[in-house]
Amino acid sequence: RKNGVFQISGDRDLSYDEVAFMEAEHFGLDVKLIKPILASQFEWYKEPAPKHTTLDMERLKELFGIVPPESEWTLYQIYNNIKNT
């Protein structure tokens, strides 16, 4: 009976390139095709990168004792569901 918005995610933040490498490996794709770059490398990207781009589960842990699953495990569950559809 708690009010509010609760973030549900994994145990740690993953960068977009980490996720891309994991996804490519899981689906048997060529990881050599992935070339991570920083947004600041684009000449049209003028805004400074935000300091905080993630959400965490601290409030959910404090209120309900819910411990987040490993981020990698969560992604593999999603990948397996995609494979099975």
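Below is a summary of the structure that appears in this document.

Parameters and conventions
Residues numbered from 1 in each chain as written. Predicted model: local features only at pLDDT ≥ 70, side-chain atom pairs only at ≥ 80, totals over all residues. Heavy atoms only, no water. Buried < 20%, exposed > 50% of the residue type's maximum accessible area, 1.4 Å probe, protein only. Helix = DSSP H or I, 4+ residues; strand = E, 2+ residues; numbered from the N terminus. Axes fitted to C-alpha atoms, helices over the stretch in contact; angles between N-to-C directions. Parallel < 35°, antiparallel > 145°, perpendicular 65-115°, else oblique. Left-handed = near helix turned anticlockwise from the far one by under 90°. Contact = heavy atoms within 4.5 Å. Nonpolar A, V, L, I, M, F, W, Y, C, P; charged D, E, K, R; others polar. Expected span 1.5 Å × (residues − 1). Arc of directions from axis to C-beta. Salt bridge = Lys/Arg side-chain N within 4 Å of Asp/Glu carboxyl O.

**Overview of helix α1 (residues 16-26)**
Every buried residue belonging to α1 is among Met22, Ala24 and His26, and all of these are buried. Positive phi shows up at glycine 28, right after α1, with a value of about 70°.

**What to know about the packing of α1 against helix α3 (residues 71-83)**
α3 packs onto α1 with a crossing angle of 40° between their chain directions and a minimal axis gap of 11 Å. Here α3 runs oblique to α1, going by the angle between their axes. Where α1 crosses over α3, the handedness of that crossing is right-handed. Here α1 contributes Val19, Met22, Glu23 and His26 to the contact with α3, which in turn contributes Glu72, Leu75, Tyr76, Tyr79, Asn80 and Lys83. Among the residues making up the contact of α1 with α3, the classes are represented as five nonpolar, two polar and three charged.

**Here's the deal with α3**
For α3, which comprises 13 residues, the first-to-last C-alpha distance of 19 Å matches the rise-based estimate of 18 Å (1.5 Å per residue) to within 8%. For α3, the full list of buried residues reads Ser71, Leu75 and Tyr79. Considered in projection along α3, the buried side chains sweep an arc of 65° and stay on one side of the axis. Contact partners of the buried residues in α3: α1.

**Things to note about the pattern of salt bridges**
Pairing is possible between side chains that carry opposite charge, provided their charged atoms lie close to one another. Taken as a whole and assessed by the stated rule, the structure comprises three salt bridges. The salt bridge involving glutamate 72 is made with arginine 12; its shortest N-O contact spans 2.7 Å. On the criterion of sequence distance, the pair formed by glutamate 72 in helix α3 and arginine 12 in the segment before α1 is long-range, its members being 60 residues apart. Lysine 61 is paired through a salt bridge with glutamate 58; the nearest N and O atoms lie 2.9 Å apart. Here the residue lysine 61 and the residue glutamate 58 both occupy positions in helix α2 (residues 58-64), the gap between them amounting to three residues, near one helical turn. Here the salt bridges do not stand alone but share partners, grouping Arg12, Glu18 and Glu72 into one network.

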